[in-house]
Amino acid sequence: MQAGLTGLMADAGIRVQVGERGYRPSISLPGYEVKLLKPQNIIEMLHQGTRDIGFAGADWVAELKADVEEVLDTGLDPVTMVAAAPLSILEDGQLPRRHLVIASEYQRLTTQWMQDSGLDADFVRSYGATEVFPPEDADCIVDIAATGATLEANSLAIVHRLMKSSTRLYVHKGVMQDAARRDMVETFVMLLRSVLEARGRVMVEINVGPDALETLVKVLPCMREPTVSPLHGQAGFAVKVAVPRSDLPHLIPIVKRHGGTDIVVTALAQIIP
């Protein structure tokens, strides 16, 4: 989580410098003080109001049932909270109908799932490395999974998906009632969102003849309207649009068919509406 967030802030022009063993990094934004804490502690402190703003996974907000406000989903560190068990105990892909032991760091979410599923089970609290509990110390686990590789390496199969999570920015609700602090939060969010928006788009520059300009513009996706500039000697026009990166594979052939030439695709750093 830390590497992804410091990279996101760096791309927004915000420098975060962390000492080798320091928990209080320096940040280039004036008026901000930073402290490194575990995500669950961040959520607890935001809930209590001893901190104004912090990053954490949505899983810990749900687990702690914290009264905080989400102001930005970075989309970083996407995971799914799953229940998983050894293949050897499953019956038709499901947990057996017998007494079970289920291990997890997430006590509230796990026990709620156990109750909702009507499972006859005891809960065991884990403190990391939950995937190593089965089969000797637990029949099933509830944990977060990104690719599922760790589950597969431990011969575990997913039997239920509880929720999706990612790294998000939360604030104590009282912060948004204070004009000065709200302005600082909104500025921070704007800077980060500008990078996230830019990461999903690219700038496409196209040359087109005078007769094909309007036809080409009609098929171009863009944020508002494309930027059109005349080429030297009235040779045509240069058209620029910021398009979703995922559109490129089918967009470029369409541009070519509609008279576009000399196509240049470049990465974007920030997009601020």
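Residues numbered from 1 in each chain as written. Predicted model: local features only at pLDDT ≥ 70, side-chain atom pairs only at ≥ 80, totals over all residues. Heavy atoms only, no water.

1. Some remarks on the pattern of salt bridges
Part 1: What the rule picks out here adds up to 8 salt bridges.
Part 2: The salt bridge partner of Asp-139 is Arg-98, with a shortest N-O separation of 3.4 Å. Residue Asp-139 is found in the loop between strand E6 (121–125) and strand E7 (140–145), and its partner Arg-98 is found in the loop between strand E4 (68–86) and strand E5 (100–104); the two are separated by 41 residues along the sequence.
Part 3: A single network of salt bridges, built from pairs that share partners, joins Asp-52, Asp-178 and Arg-181. (Salt bridge = Lys/Arg side-chain N within 4 Å of Asp/Glu carboxyl O. Helix = DSSP H or I, 4+ residues; strand = E, 2+ residues; numbered from the N terminus.)

2. Notes on the sheet that holds strand E11 (residues 237–244)
Part 1: In space, the 4 strands of this open sheet follow the order E10-E11-E9-E12, with antiparallel pairing throughout. The sheet is open, and its two edges are formed by strand E10 (227–230) and strand E12 (261–267), each paired on a single side. Averaged over all pairs of adjacent strands, the angle between their axes in this sheet comes to 20°, without regard to strand direction.
Part 2: Looking at chain direction, strand E9 (residues 201–208) and E12 are connected through 5 bridges and run antiparallel. Bridge pairing in E12 links Val-202 to Ala-267.
Part 3: Seen against the sheet, helix H8 (residues 248–257) touches E9, E11 and E12 and runs at an angle of roughly 155° to E12. (Pairing = 2+ DSSP bridges. Axes fitted to C-alpha atoms, helices over the stretch in contact; angles between N-to-C directions. Contact = heavy atoms within 4.5 Å.)

3. So, the sheet that holds E6
Part 1: Pairing within the open sheet is mixed, and its 6 strands lie in the order E3-E8-E4-E7-E5-E6. Each edge of the open sheet is held by one strand with a lone partner, namely strand E3 (53–57) and E6. For this sheet, the mean inter-axis angle between neighbouring strands, taken without regard to orientation, is 25°.
Part 2: In this sheet, strand E8 (residues 156–172) lies alongside E3 in antiparallel orientation, the contact comprising 5 bridges. In the sheet register, Ala-56 faces E8, and the bridge partner there is Arg-168.
Part 3: Sheet contacts for helix H4 (residues 107–117): E4, E5, E6, E7 and E8; angle to E6, the most-contacted strand, approximately 170°.
Part 4: On top of the sheet, helix H6 (residues 179–199) reaches E3, E4 and E8; it is set at about 60° to E4, its chief contact.

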